[in-house]
Amino acid sequence: MAVAVLGFSSRSYLTVHRPLIYCFHKVRQRSSFAAVELPREPVSVPKEKETHFTRSDGRVKGDSKASEWKKLSSKDLGITTSMIAKPTKYVLKGLKKKGYEVYLVGGCVRDLILKRTPKDFDIITSAELKEVVRAFHRCEVVGKRFPICHVHVNDTIVEVSSFSTTGKGIGQKFDYTLRRPPDCDDHDYIRLRNCWQRDFTINGLMFDPYAEIVYDYMGGMQDIKNAKVRTIIPANMSFMEDCARILRGVRIAARLGFRFTKDIAYSVRELSSTVLRLDKGRIFMEMNYMLAYGSAEASLRLLWRFGLLEILLPIQAAYLVSQGFRRRDKKSNMLLSLFSNLDKLVAPDRPCHNSLWVGMLAFHKALVDQPRHPLVVTAFSLAVHNGGSLSEAVEIARRISQPHDDSFSELLEALDLDSDESLIDEIMDFALSVKSALINMTDESFVSQAMSKYPQAPYSELDLLLNIPLGVLVPIQHMVIFSETLKNSSLFSRHPMIKRNSVELEEDNPSSFCNNESGVFIPLSSFLRASKIFECVEMGCEKGFVPKRGSKIDYEFLAMGSLQEVRHVFARIVFDTVHPLSLDTQHNSVSQNS
C-alpha cells in the first residue's frame, strides 16, 4: 500500500521522518509542470509471469497490496545468458563455483529487459570483498565511501560489490527506517535492502542468471512499461542524499526516451544547482556519459528544459537563448544537429573519446562567434581529417556538389572565395577561432559571464522558486536552499523580496554570484587532446600521420582517442551536418520534376 510523503508515493514499509529542510510551503506556479511530457505510448516489454508467495494462512501474497515485489522469469522476459558479456560471465561463474550468491543488478538488468546493449554490467555477491579478491588473480578493492572490487578480465574491468558493504549505507543521511515486510525471508530482505539504496526504480532490478529469476521489489517493471523514471525514495530526499542522481536521471531519461514523474521534475528544478557541489571530475564523467554514448542530442534538450544547461554548459545555453529556443522546443539548430549526427555513429557499447565532443563544442562556438561560408567549414573538416593538407582539402571541397543546409545562421553565403589562396586564408582564420573557443571554454571568467548578455532568457524550471508572493515570511532554513539554487541564476535580480532581504543571500549584488565555476569542468588532458585534433590545420601537414581510409569506424581506437579515428568521425559529423543527405535527395527530386 502506498503512502503519501510530501505528496509523493512511497512504499508502506519505509517510514520517513522529514527534516525541517523539506517542510516547504507551497509556492504559486506560473503554469503546470511544463517540463513533464504528455503521456506517451508505454514501452513494449515481454509479458512476465509473476511468482506468488503463499502465506502461512493459505492466502496468496500477491493478493496483498502491502507487498509489491515480484519474482519474474528471465525466460519470459526474453533474457538469455548469451546477452551477458563474456568477462562478466567469467566473474559470475568464478564466484558461483565457490558457493557465493551472485546477481546482476542495476541498469544492466533494465537494458536486458528492453533488449538494449548495457553500457556495463554490475555484479553483487554474498561474498565479502576480501573473498572476491582471493577468488581472482587480478583484482583490487577501490573506493573508500562505497568500496567495490575491480576484477580485471583481459582488457575489461568488471565491477563487483558485496551485500555486506552496500547494506551499511541505508538511512545514514536521512532519518528513515526500512521495516521488514511480512513474510519476507532473510534472502528477500537482504536483496530488498540493497535495492532500496539505489537511485531509480528501473535501476532497482536484480537478476539471478543461474536461478533465471529477476527480482523486482521496487516496481521497476511497471515503470519500464510506462516509460517513467521514478526515484525509490521521495525525489527531493533522493537528490539531497546524492545530487549526482539529478544528472543520472537526465542521462537515463535521454537515453531511453523515458519521462520524469512529477516529483522528479519538480525536484530537479528545485535542486538543480546542487550539482555544483560535485567535484569537477564527477561532473565531467556524467557529461561524458550523456554526450559520448549515443544520446547527446536528447541529453542537451533535457538539460536545457530543466535549467541545467546554463549551470553546466553556459556557453551553449547562451547560444540557445540567442536562437530564441524555448525550453520545450522540438525544432533543431546546428548545435543539436551536430550532436544528433554524433549519436548516429556511437552507442552505449561503442562510445567516442571525450576529446571528440569537447572539440565539437569548440568548433560550434567558433562558428557562432563568426559565421563562415559552407565551403570554408567543409574544407576545414577535410583538412582535419587528412592531417592538415590544406591544398588537398580545398581541392576535394570544391568538387562537392551536394547542397548545404541554409537554415543554420552559422553558415554565411556572401563571400568571395574564387581563389584557393583566399579560401585557405579563411580556413586558417577559422582554425584560430576554434583554438580560441577551446581556450575560452576552460576560462572560468569567460564561462561565468556567458549568460550575462541574456537576461531575457526563457523561464527555466528553476523559476518556480522565484514565484514567492511578496510579504510572505520565508524561514531562514528555506532561504539557505533558495540562495543555493539561485546564486548561479541570471533570474536572481527579478524578485524584489529576495533583493531587499539580501542578508541571507550574502550580498545585495546579484553579480557577486557570477564568480562560480559552472561549466568549467573540462580537465587539462581533455583540453590538450581536443586541441590536438585541430592543430594540424594551423601547423600544417603532420609528418607520419596517415588519414583514415574507408568509412568503417574502429570503435576500440575511437574510445581510446586515436587521432586518426577521432578526426575521421569529426569530419563525417561536420559533413553530415552541413550537407545532410536529406537535402541532396530533395534536390535530386526537384531536378527530376523540373
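Numbering of residues starts from 1 in every chain and runs along the sequence as written. Local features in this predicted model are restricted to residues whose pLDDT is 70 or higher, and side-chain atom pairs enter the listing and the counts only when it is 80 or higher, whereas totals over whole chains, interfaces and linings include all residues. Excluded from the side-chain calculation are hydrogens and water; included are all heavy atoms of the structure.

(A) Spatial organisation of the side chain of Ser-448. Here a strand is any run of E in DSSP of at least two residues, a helix any run of H or I of at least four, and the numbering for each starts at the N terminus. Tracing the chain through its elements places Ser-448 in helix α19 (residues 444-448). Among the polar contacts listed, one links the side chain of Ser-448 to the backbone oxygen of Ser-445, at a separation of 2.9 Å. Think of a polar contact as two N or O atoms within 3.5 Å of one another; within protein, one of them needs to be a possible hydrogen donor and the other a possible acceptor, and neighboring residues in sequence only count if both atoms come from side chains.

(B) Examining the packing of aromatic side chains more closely. Between rings of Phe, Tyr and Trp, where Trp is taken as its six-membered ring, a pair exists when centres lie within 6.5 Å; planes separated by under 30 degrees are stacked, by over 60 edge-to-face, and by other angles tilted. Taken as a whole and assessed by the stated rule, the structure comprises 14 aromatic pairs. Aromatic pair Tyr-103 and Phe-163: ring centres 5.9 Å apart, planes at 80°, arrangement edge-to-face. Remark: Phe-163 occurs in helix α4 (residues 163-166) and Tyr-103 occurs in strand β5 (residues 102-105); sequence separation between them is 60 residues. Remark: exposure states derive from per-residue accessible area (1.4 Å probe, protein chains only) relative to the maximum for the residue type, with buried under 20%, exposed over 50%, and partly exposed in between. Look at Tyr-103 and you get buried, because its relative accessible area is 2%.

(C) The pattern of salt bridges, seen in detail. Put simply, a salt bridge is a Lys or Arg side-chain nitrogen that is within 4 Å of an Asp or Glu carboxyl oxygen. Summed over the entire model, instances satisfying the criterion amount to 24 salt bridges. A salt bridge links Arg-110 to Asp-111, with the shortest nitrogen-to-oxygen separation between them at 3.0 Å. Summarising the burial analysis for this pair, Arg-110 and Asp-111 share the class buried. Across the pair Glu-538 and Lys-435 runs a salt bridge, and its minimum N-O distance is 3.9 Å. One end of the pair, Glu-538, is in helix α22 (residues 524-539); the other, Lys-435, is in helix α18 (residues 420-441), and 103 residues separate them in sequence.

(D) The arrangement of the side chain of Thr-261 in detail. Here Thr-261 shows up in the loop between β14 (259-260) and α9 (262-271). We classify Thr-261 as buried; its relative accessible area is 6%. At 2.6 Å, the side chain of Thr-261 and the side chain of Asp-263 are in polar contact. The criterion used for residue contact is that any of the two residues' heavy atoms lie within 4.5 Å. Sequence-distant contacts of Thr-261, that is, excluding residues within four places in its chain, are made with Lys-228, Val-229 and Arg-230.

(E) Region of the structure containing unusual backbone geometry. Despite not being glycine, Lys-115 shows a phi value in the positive range, around 60°. With respect to the helices, strands and loops of the structure, Lys-115 is situated in the loop between α2 (107-113) and β6 (122-125). According to the relative accessible area criterion, Lys-115 is partly exposed, its value standing at 46%. Located in the positive-phi region is Ala-227, a residue other than glycine, with phi close to 55°.

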